[in-house]
Amino acid sequence: MNTIIDYLLTGRSLKRAYNKFLSQASGAYGLSGMETNVLLFLYNNPGYDTASDIVELRSFPKSNVSKAVESLIARDYLESIVDKEDRRILHLQIRPAALDAVKAARQSQEDFLRFIYKGIDAKELKVVDHVLSVISHNLKEAQ
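Calculation rules
- Residues numbered from 1 in each chain as written.
- Predicted model: local features only at pLDDT ≥ 70, side-chain atom pairs only at ≥ 80, totals over all residues.
- Heavy atoms only, no water.
- Phe/Tyr/Trp six-rings, centres within 6.5 Å; stacked < 30°, edge-to-face > 60°.
- Helix = DSSP H or I, 4+ residues; strand = E, 2+ residues; numbered from the N terminus.
- Lys NZ or Arg CZ within 6 Å of the ring centre and 35° of its normal.
- Axes fitted to C-alpha atoms, helices over the stretch in contact; angles between N-to-C directions.
- Parallel < 35°, antiparallel > 145°, perpendicular 65-115°, else oblique.
- Contact = heavy atoms within 4.5 Å.
- Nonpolar A, V, L, I, M, F, W, Y, C, P; charged D, E, K, R; others polar.
- Buried < 20%, exposed > 50% of the residue type's maximum accessible area, 1.4 Å probe, protein only.
- Salt bridge = Lys/Arg side-chain N within 4 Å of Asp/Glu carboxyl O.

**Comments concerning the packing of aromatic side chains**
Step number 1: Enumeration over the complete set of coordinates arrives at 3 aromatic pairs.
Step number 2: Between F21 and F115 the ring centres are 5.4 Å apart and the planes differ by 40°, which places this aromatic pair in the tilted class. You can see F21 sitting in helix α1 (residues 4-28) and its partner F115 sitting in helix α5 (residues 99-116), a full 94 residues away along the chain.
Step number 3: Ring-pair connections join several aromatic residues into one group, and the members of that group are Y18, F21, F112 and F115.
Step number 4: Above the ring of Y77, the side-chain terminus of R75 is found at 4.7 Å from the ring centroid.

Spelled out as structure tokens, the structure:
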């Protein structure tokens, strides 16, 4: 694998496989893929708790995140808390009603990682992590 097309196709395949793994948890709880991604983002990234954080860090369309957040609030899966210093900022907090869905989605994430890292030993995994970190840094510089 050494062409740009190969890298792009691998990225697309990773995204499809990840979504397939998450769809099991999403379907079991009647959540859309975006709703599941919003919950997972908030769970996995303490301190990044606004819709803007999700849009910026995950590169999801703002309208999709807004729609998912509204739906999750209506289901009592999320709570929106006004920032004490800037009333324009709304912090999102996972509600107890969402915890089973989040737990199932986290398990799907862990299953996905076990699946894609199958056959890679700990030493190789360190190299993969390092290479992906460098690539990620380079991509951020390009933006």
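**Let's talk about the packing of helix α2 (residues 33-44) against helix α3 (residues 51-58)**
Step number 1: Between α2 and α3, whose axes approach to 11 Å, the crossing angle comes to 95°. Considering the angle they form, α2 stands roughly perpendicular to α3. Across the interface between the two elements, N37, V38, F41 and L42 of α2 pack against D53, I54, L57 and R58 of α3.
Step number 2: Here the residues of the contact of α2 with α3 are counted per class, giving 5 nonpolar, 1 polar and 2 charged.

**Quick notes on the side chain of N37**
Step number 1: With respect to the helices and strands, N37 occurs in helix α2.
Step number 2: You can call N37 buried: its relative accessible area is 7%.
Step number 3: Every residue in contact with N37, bar those within four places of it in the chain, is listed here: Y18, L22, R58 and F60.

**With respect to the pattern of salt bridges**
Step number 1: Inspection of every chain in the model, using the stated rule, returns 5 salt bridges.
Step number 2: Linking E79 and R95 is a salt bridge whose minimum nitrogen-to-oxygen distance equals 3.6 Å. One end of the pair, E79, is in strand β1 (residues 78-82); the other, R95, is in the loop between β2 (90-94) and α5, and 16 residues separate them in sequence.
Step number 3: A relative accessible area of 27% places R95 in the partly exposed class.
Step number 4: A salt bridge links R106 to E110; the shortest N-O distance between them is 3.2 Å. Separated by 4 residues within a single helix, R106 and E110 lie in helix α5, roughly one turn from each other.
Step number 5: Classification of R106 by relative accessible area gives partly exposed; the value is 23%.

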